[in-house]
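Below, each chain spelled out in residue letters.
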Amino acid sequence: MEVKLWNDKREREMYENFAELFAIIKATEKLEKAYVRDVISPAEYELECQKLIAHFKTLSSTLKDIVPSIERFHDTYKMDCPAAINRLVTSGVPATVEHRAAAAMTNTASAAIVAECVQNFITAMDSLKLNMVAVDQVHPLLSDLSSSLNKLSILPPDFEGKTKMRDWIARLSKMGAADELTEQQARQLHFDLESSYNSFMAALPTAGT
């Protein structure tokens, strides 16, 4: 006999989000252990960790009314993932960024900005996937992304991500706060974000020199 966990679409989405949050915490715990054991390179670790942190921030923000305490969620489901809680909740940045902070303040500042850019890119793309397409939802995300990109001195003024975000922000500024992007506009914005993100990642080796 099939047992349903939900009674309606809203409950179903809630449980699906719970499952995704559970998966992110578990994946972060495995990643932290792999990094400590040198199973994964620092570069690979940092990239994957930044993605998990960004996904976590987007999802935890969505669930803040239902899951006000991530630590309580962790304890309720007996997850035993202390390293993940430290990374996602307490620290908020990859261990590699923390290590660079201890080594050199200048390098840390640059690394922190890179991490901020990656998180802002992924947060913006995730939000579109969650159908957050109202102007007052999209505009702040793009503004944060544009601001973080402008902080990174290695990126030229005509960098693809900078110009595209400026264009989108200008377009949104002409719309009302309650207006929503059409399906076509949302799809184009997601494409522009993904394209800009790939260009940004390609520029990162230059940032390390």
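Presented here is an overview of the structure given in this document. Numbering of residues starts from 1 in each chain and follows the order in which that chain's sequence is written. Only residues with pLDDT of 70 or above have their local features reported here, since the model is predicted, and side-chain atom pairs are shown and tallied only from 80 upward, although totals for entire chains, interfaces and linings are computed over all residues. Heavy atoms from the whole structure form the basis of all side-chain values; hydrogens and water molecules are not counted.

## Here we look at the overall build of the protein
So, step 1. Under the scheme used here, helices are H or I runs from DSSP no shorter than 4 residues and strands are E runs no shorter than 2 residues, and both carry numbers assigned from the N terminus. In terms of helices and strands, the protein carries nine helices and zero strands.
So, step 2. The reference for a compact globule is 2.2 Å times residues^0.38; the radius of gyration itself is calculated from the C-alpha atoms. Taken over the C-alpha trace, the protein has a radius of gyration of 19 Å; the compact-globule value for 209 residues is 17 Å, and the two agree within 12%.
So, step 3. Here the term buried applies to any residue with accessible area under 20% of the maximum for its type, exposed to any over 50%, and partly exposed to those in between, with areas from a 1.4 Å probe on protein chains only. Looking at the protein as a whole, 42% of its 209 residues are labelled buried.
So, step 4. Considering only contacts within the protein whose residues lie at least 6 apart along the sequence, 72% involve residues at least 24 apart.
So, step 5. In short, Shrake-Rupley with a 1.4 Å probe defines the accessible areas, and a residue's cover is counted only from the protein chains shown. Accessible surface for the protein amounts to roughly 12,000 Å². Of this, 53% is attributable to carbon and sulfur atoms.
So, step 6. Residues scored as charged are limited to Lys and Arg (positive) and Asp and Glu (negative), so that His and the chain ends carry no count. Note on charges: their place is set at NZ of Lys, CZ of Arg, CG of Asp or CD of Glu. Charged side chains in the protein number 23 positive and 29 negative. The centres of these two groups are separated by 1 Å. Here a residue-residue contact requires only that any non-hydrogen atoms of the pair lie within 4.5 Å.

## Overview of the pattern of salt bridges
So, step 1. When a carboxyl oxygen of Asp or Glu is within 4 Å of a side-chain nitrogen of Lys or Arg, the pair counts as a salt bridge. Enumeration over the complete set of coordinates arrives at seven salt bridges.
So, step 2. Of the charged contacts in the structure, one is a salt bridge between Glu32 and Arg87, with a shortest N-O distance of 3.1 Å. Of this pair, Glu32 sits in helix 1 (residues 9–36) while Arg87 sits in helix 4 (residues 82–91), and the two are 55 residues apart along the sequence. Each member of the pair, Glu32 together with Arg87, is buried.
So, step 3. Put simply, Asp192 and Lys164 hold a salt bridge, and the shortest N to O gap is 3.6 Å. Taken together, the positions of Asp192 in helix 9 (residues 183–207) and Lys164 in helix 8 (residues 160–173) put the pair 28 residues apart, joining distant regions of the chain.

## Examining unusual backbone geometry
So, step 1. In this model, Lys78 sits at a positive phi of 45°, which is unusual for a non-glycine residue.
So, step 2. Within the fold, Lys78 resides in the loop between helix 3 (70–76) and helix 4.
So, step 3. Despite not being glycine, Asn131 shows a phi value in the positive range, around 65°.
So, step 4. Mapped onto the elements of the fold, Asn131 is located in the loop between helix 6 (105–129) and helix 7 (135–151).
So, step 5. The exposure class assigned to Asn131 is exposed, which follows from its relative accessible area of 58%.

## What about the packing of aromatic side chains?
So, step 1. Stacked, edge-to-face and tilted labels apply to pairs of Phe, Tyr and Trp rings (six-membered ring for Trp) whose centres lie within 6.5 Å, assigned for plane angles under 30 degrees, over 60, and everything in between, in that order. Scanning the entire structure with this criterion turns up six aromatic pairs.
So, step 2. With a centroid separation of 4.8 Å and an interplanar angle of 50°, the aromatic rings of Phe73 and Tyr77 are classed as tilted.
So, step 3. Ring geometry for Phe121 and Tyr197: centres 5.6 Å apart, planes at 70°, overall edge-to-face. Of this pair, Phe121 sits in helix 6 while Tyr197 sits in helix 9, and the two are 76 residues apart along the sequence.
So, step 4. Assessed through its relative accessible area of 9%, Tyr197 is described here as buried.
So, step 5. Among the aromatic residues, those joined into a cluster by ring pairs are Tyr15, Phe18, Phe73 and Tyr77.
So, step 6. In this arrangement the basic side chain of Arg171 is found over the ring face of Trp168, its NZ or CZ atom lying 4.1 Å from the centre. Sitting over a ring, as applied to charges here, requires NZ of Lys or CZ of Arg to be within 6 Å of the ring centre and within 35 degrees of the ring normal.

## Points about the environment of Glu116
So, step 1. Structurally, the position occupied by Glu116 is in helix 6.
So, step 2. Taking the relative accessible area as the measure of exposure, Glu116 reaches 27% and is therefore partly exposed.
So, step 3. Considering only alpha carbons, one finds Glu116 and Asp144, 28 residues apart in sequence, at a separation of 9.3 Å.
So, step 4. Not counting chain neighbours up to four residues away, the residues in contact with Glu116 comprise Ser148 and Lys151.
So, step 5. Polar contacts, as used here, are pairs of N or O atoms within 3.5 Å; protein pairs need one atom able to donate a hydrogen and one able to accept it. Residues neighboring in sequence count only if both atoms are side-chain atoms. Within the structure, Glu116 has its side chain in polar contact with the side chain of Lys151 (distance 3.1 Å).

## Structural notes on the packing of helix 1 against helix 4
So, step 1. As a rule, the C-alpha atoms of each element are fitted with a line to give its axis, helices using only the stretch in contact, and angles between N-to-C directions run from 0 to 180 degrees. In the contact formed by helix 1 and helix 4, the axes pass within 8 Å of each other and the chain directions differ by 105°. Taken together, the axes of helix 1 and helix 4 lie roughly perpendicular to each other. For the pair helix 1 and helix 4, contact is made by Ile24, Ile25, Thr28, Glu29 and Glu32 and by Pro82, Ala83, Ala84, Arg87 and Leu88, respectively.
So, step 2. Put simply, Ala, Val, Leu, Ile, Met, Phe, Trp, Tyr, Cys and Pro go in the nonpolar bin, Asp, Glu, Lys and Arg in the charged bin, and everything else, Gly too, in the polar bin. Within the contact of helix 1 with helix 4, the residues separate by chemical class into six nonpolar, one polar and three charged. Throughout, the term roughly parallel applies to angles under 35 degrees, roughly antiparallel to angles over 145, roughly perpendicular to angles from 65 to 115, and oblique to all others.

Just distances and angles here, no functional claims.
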